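Observations on chain architecture
Chain by chain, the residues run as shown.
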Amino acid sequence: MQSNSATQNSVLPKKGSRNTRLANDRLVVFLFLLPALILFLIFVVYPIFRSVYYSTFDWKGLGQPVHNIGLGNYVKIIDDEVFQKSVKNVVIIIVLSLVLQLPAAIILANMVGRNLPGRALFRTIFFLPYVLSEVNTGIMWMLLYNPDPERGFFNGILVQLGLHPVNWLADMNVVLFAVFLTLTWKYFGFHLLLYLTGLQNIPTEIEEAARMDGATSIQSFFFITLPLLSSTIKTSVQMSVLGSIQQFILVWVMTRGGPVNASETMATYMYRFGLVRFQFGYGAAVAIIMFIICVIFSLLYQQLTRKPDYLTGL
Amino acid sequence: MARKLYTLLSIVFIAAFMLSACTTPTQAPAAATNAPAAATDAPAAATDVPAAAEPVVITWWHISTKDPALSDWQKMADDYMAAHSNVKIEITVLENEAFKTKLTTVMQSGEVPDIFQSWGQGGMIEQVNAGLLKDITADLDANGGEWRNSLGALDAFAVDGKNYGVPWDMGAVTFWYNKDLFAQAGIEAVPTTWSEFLADCEKLKAAGITPISVGEGDKWPGMHIWAYLVSRIGGADAFAAAAASGDARTGSFEDEAFVQAGYELKKLVDGGYFQEGFLGATHDEMNATFGNGKAAMELGGQWSPSVQAANSADLLGVKNLGMFSFPAVEGGKGLVTDIVGGGNGFAIGANAEPEAIDFVKYLTSLDNQKVIAASNTGIPVAKGAGVALADPNMVLVSEAVANSTYYQLYFDQVLPSAMGGIINDAVQKIFAGTATPEEVCAEIEAGFLAQ
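Residues numbered from 1 in each chain as written. Chains lettered and ligands numbered in written order. Predicted model: local features only at pLDDT ≥ 70, side-chain atom pairs only at ≥ 80, totals over all residues. Heavy atoms only, no water.

1. Points about the overall build of chain B
When helices and strands are counted, chain B shows 20 helices and 13 strands. A total of 451 residues make up chain B; the buried ones form 55% of that total. In chain B, once contacts between residues fewer than 6 apart in sequence are set aside, the share between residues at least 24 apart is 75%. For chain B, the accessible surface area stands at approximately 18,300 Å², while carbon and sulfur atoms represent 57% of it. (Helix = DSSP H or I, 4+ residues; strand = E, 2+ residues; numbered from the N terminus. Buried < 20%, exposed > 50% of the residue type's maximum accessible area, 1.4 Å probe, protein only. Contact = heavy atoms within 4.5 Å. Areas by Shrake-Rupley, 256 points an atom, 1.4 Å probe, with all protein chains shown as cover.)

2. Some points on the overall build of chain A
Along its length, chain A carries 14 helices and 0 strands. Ordered by position from the N terminus, the helices and strands of chain A form the series α-α-α-α-α-α-α-α-α-α-α-α-α-α. Going through the 314 residues of chain A one by one, you find that 39% of them count as buried. Nonlocal contacts in chain A, meaning residues at least 24 apart in sequence, comprise 67% of its contacts between residues at least 6 apart.

3. Points about the pairing of strand S7 (residues 174-178) of chain B
All names here are of chain B. Within S7, 5 of the 5 residues are buried, leaving the element largely enclosed by the surrounding structure. Where S7 lies against strand S10 (residues 321-324), 4 bridges are found, and the strand directions are antiparallel. Bridging across to S10, Phe175 finds its partner in Phe324. (Pairing = 2+ DSSP bridges.)

4. A closer look at the pattern of salt bridges
It is possible for side chains bearing opposite charge to pair when their charged atoms get close. Counted under the stated rule, the structure contains 18 salt bridges over all chains. A salt bridge links Asp218(B) to Arg256(A), with the nearest nitrogen and oxygen atoms 3.2 Å apart. Within this pair, whereas Asp218(B) is found in the loop between strand S8 (210-212) and helix H11 (220-243), its partner Arg256(A) is found in the loop between helix H12 (249-254) and helix H13 (266-276), the two belonging to separate chains. Ionic pairing is found between Glu90(B) and Lys88(B), a salt bridge with its closest N-O pair at 3.7 Å. A residue is classified by how much of its surface remains accessible, and Glu90(B), at 36% relative accessible area, is partly exposed. A cluster of three or more residues bridged by salt bridges with shared partners is formed by Glu264(A), Arg272(A), Arg277(A), Lys219(B) and Asp425(B). (Salt bridge = Lys/Arg side-chain N within 4 Å of Asp/Glu carboxyl O.)

5. What to know about the side chain of Asn178(B)
Residue and element names in this part refer to chain B. With respect to the helices and strands, Asn178 occurs in strand S7. From its side chain, Asn178 meets the backbone nitrogen of Asp180 in a polar contact 3.2 Å long. Contact partners of Asn178, with chain neighbours within four places excluded, come to Phe290, Gly293, Ala295, Ala296, Val318 and Asn320. (Polar contact = N/O pair within 3.5 Å; in protein donor to acceptor, adjacent residues only side chain to side chain.)

6. Notes on the packing of helix H4 (residues 81-113) of chain A against helix H5 (residues 119-131) of chain A
Residues and elements named next belong to chain A. The geometry of H4 relative to H5 is characterised by a closest axis approach of 9 Å and an angle of 150° between their N-to-C directions. Each of Leu108, Val112 and Gly113 in H4 lies in contact with H5, whose residues at this interface are Arg119, Phe122, Arg123 and Phe126. The residue makeup of the contact of H4 with H5, split by class, is 4 nonpolar, 1 polar and 2 charged. (Axes fitted to C-alpha atoms, helices over the stretch in contact; angles between N-to-C directions. Nonpolar A, V, L, I, M, F, W, Y, C, P; charged D, E, K, R; others polar.)

7. Points about a negative patch on the surface
All names here are of chain B. Taken together, the side chains of Glu254, Asp255, Glu256, Glu438 and Glu439 present a region of like negative charge at the surface. Topologically, Asp255 is positioned in the loop between H11 and helix H12 (256-270). Taking relative accessible area as the criterion, Asp255 reaches 30% and is therefore assigned partly exposed. (Patch = residues over 30% accessible without salt bridge, like charges linked within 9 Å, V, L, I, M, F, W, Y side chains within 5 Å. Lys, Arg positive; Asp, Glu negative; His and termini not counted. Charge placed at Lys NZ, Arg CZ, Asp CG, Glu CD.)

8. Details of the nonpolar core
All names here are of chain B. Core analysis: the largest hydrophobic core is formed by 76 residues, its most contacted members being Ile225, Trp226, Leu268, Met297 and Phe431. Among the elements that take part in this core, H11 stands out by supplying 12 residues, more than any other. Here this core spans two domains, since at least three of its residues come from each of domain 1 (38-170 + 343-394) and domain 2 (174-342 + 403-449). In this view, Ile225 contacts Val214, Leu265, Leu268, Phe274, Leu299, Phe326 and Phe431; residues no more than four positions away in its chain are not counted. Formed by 51 residues, the second largest nonpolar core is a distinct cluster that contains Val128, Tyr164, Trp168 and Phe346. (Core = buried A, V, L, I, M, F, W, Y, C linked by side-chain atoms within 4.5 Å. Domains from an automatic or database assignment.)

9. Some remarks on the interface of chain A and chain B
Taken together, the contacts link 24 residues of chain A with 30 residues of chain B. When the two sides are added together, the surface that chain A and chain B hide from each other amounts to roughly 2,300 Å², 55% of it contributed by carbon and sulfur. Counting every contact that joins chain A to chain B gives 6 salt bridges. Across the salt bridge formed by Asp425(B) and Arg272(A), the nearest N and O atoms sit 3.4 Å from each other. In this assembly, chain A and chain B are joined by 11 residue pairs in polar contact (both at pLDDT 80 or more). The element contributing the most residues to the side of chain A that touches chain B is H13(A), with 4 residues. Of the residues that constitute the side of chain A that touches chain B, the class distribution is 14 nonpolar, 3 polar and 7 charged. (Buried area = accessible area lost by both parts, 1.4 Å probe.)

10. Here we look at the confidence of the model for chain B
All names here are of chain B. Taken as a whole, chain B shows an average pLDDT of 84; of its residues, 88% reach a score of 70 or greater. Within chain B, no element has a lower average pLDDT than helix H2 (residues 28-32), which sits at 37, and none a higher one than S8, at 96. Across residues 17-49 the pLDDT falls below 50, and counting only partners more than four positions away or on other chains, this stretch makes 28 contacts in the model. (pLDDT = per-residue confidence, 0-100.)

11. Side note on the sheet that holds strand S9 (residues 295-300) of chain B
Residue and element names in this part refer to chain B. Strand order in the open sheet formed by 4 strands is S8-S9-S7-S10, and the pairing between neighbours is mixed. Two strands in the sheet have a free side with no partner beyond their single neighbour: S8 and S10. The mean angle between the axes of side-by-side strands here comes to 20°, regardless of whether they run parallel or antiparallel. Bridge analysis of S7 against S9 gives 4 bridges, and the strand direction is antiparallel. Paired with Tyr177 across the strands is Met297, a residue of S9.

Below is the structure:
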């Protein structure tokens, strides 16, 4: 479009037509964007501002909010031990995801992405949990985690092995890790898929060249595959962190954030104190805090990872 | 020509609606007198309901997710629709917790269903104050109070003398126990005092039997143990004094009865009387444990036997099931015959058509209440329906209710709705051992003062 109009301009002597043309283009662009923009403003931007407004009220959700308390909700939230606990839990989930879940996905992607026999089958198996709904996953894992060795799969195995059964979802020291295991099972297929796509983009010549130079497969992985995957890793890390901050369904289905807040995440905290306890202003304030954390993380992360990608230069 | 006819017809309809809307409220009871015949004789009622040809859609949300209640309700709706060709009943079945969440959301918009599950009092009062419910006092009083006199326990669904719903089930929370396991542990009589109860727990534990099954992951099953202890220790007055508002409030949730209840509950936790993993168990899971004969007792309401059966491996539940009232605590003011309980009812949404009210009348008719009684879905409130109770367990609950010296509605139903979550979260800390009873009571008191 751009180059086209430029050549036409060189033919046309009139000076004003270029500007009209450009203005026309802009108008068309604007008109095409308009429907999406309107929807975006109504369903994304407006609710955010509305939430900010509600978050300054002590409001039970029935009738109009009248009791404005300014930043009172925010002060209360940041002061609340349960909220601090939920932030800590989210941080633990993020760290575990980055340290365990993503490396596992990279390693598996390398295995099933290359020349493993029956790799199509493995790819399907690993991706299957991601397709399953979160509620189904939660209920299924609750059954697996059942403390009764005669009914729970994990405790059944432990008892068969002569070990002590574990109260997976009832022990306050274990529950968060039990939930994390389910999260990993559920989501690592998604990251695996991301890495598989990334691997497809790496030209085989580079690896072949390295092999000719005598690089071992481990060297080739660390010095060629990983650096060339960097842009995929960037995306995957960001998805993983944001997903962890917003995690709600699985946790709520399996533990309701319990026992006694041991598996509380920020999202379950928002639900418990906003909806269950009918404090909608307070809940809105929690949502705004989560929103701010997500935005700050995204901006910082993009600043920190600005180094261009090796392959695309982006 | 045809078009003109339609136009004329619609104008007539619009005019009819406007005129009927203009009638003064005092005339409403007179208009309603036509309808009560429906209660006993549904098919005949079709001709009495005004504007019979006008199609009406009734939206109904209930929480009976399992049979037989699920199909019983469906059949009643089908029968009613068959008798009233203009009425279409849209049923939405929701699980308990999902229902509460979804109702909260629709309450925001004011678009409540015509008929929906309600437990009365606390939560219902808030809905009334928000203008979401319809006053059906006139319908109850029509025909010399025919409908009103046919039902019991209407007070739970009344605010300031006006009715906004009707109950269909009123029961009691009691201990259910496995007679075989009691015999196995050498316990001959059910405990009537708290120290006997603790001694029996110890006997069961010594015999290698889990004494009590509780679903503390859902929180409310365990909360009822604490609520009963409060009621047994402090009597009717302790809770009433703490739950009142304004100048009527003479007590607090930090009073002796509440704290001591926490310590008594702690004895059960410290004694190790609950099943493995009780902190994470759901209500279904707790009933699976008891229903499969893996625990000797559980505290639960009239719904328990059917939930136990539904969650047990053979779908039959405990073969030798017994029931006893929560034991009296020595030195406490409450009697062993005082009851903590509640029931289920239907609230009427503000926009409900007269047909919806007529349908609820049909649902709570003697015949349909007998169906509810016969299938063990609940303890009927319609007078004379109790004879249909086939299950001896339900007869026991029904007798406990009938002979109660004091009827304490569930704590979380009497208090403002947010308090349910606060009490549940606080009491769970006693089960988990993360807070002392004093701290738990202070948390509840702080939550109450913030309402």
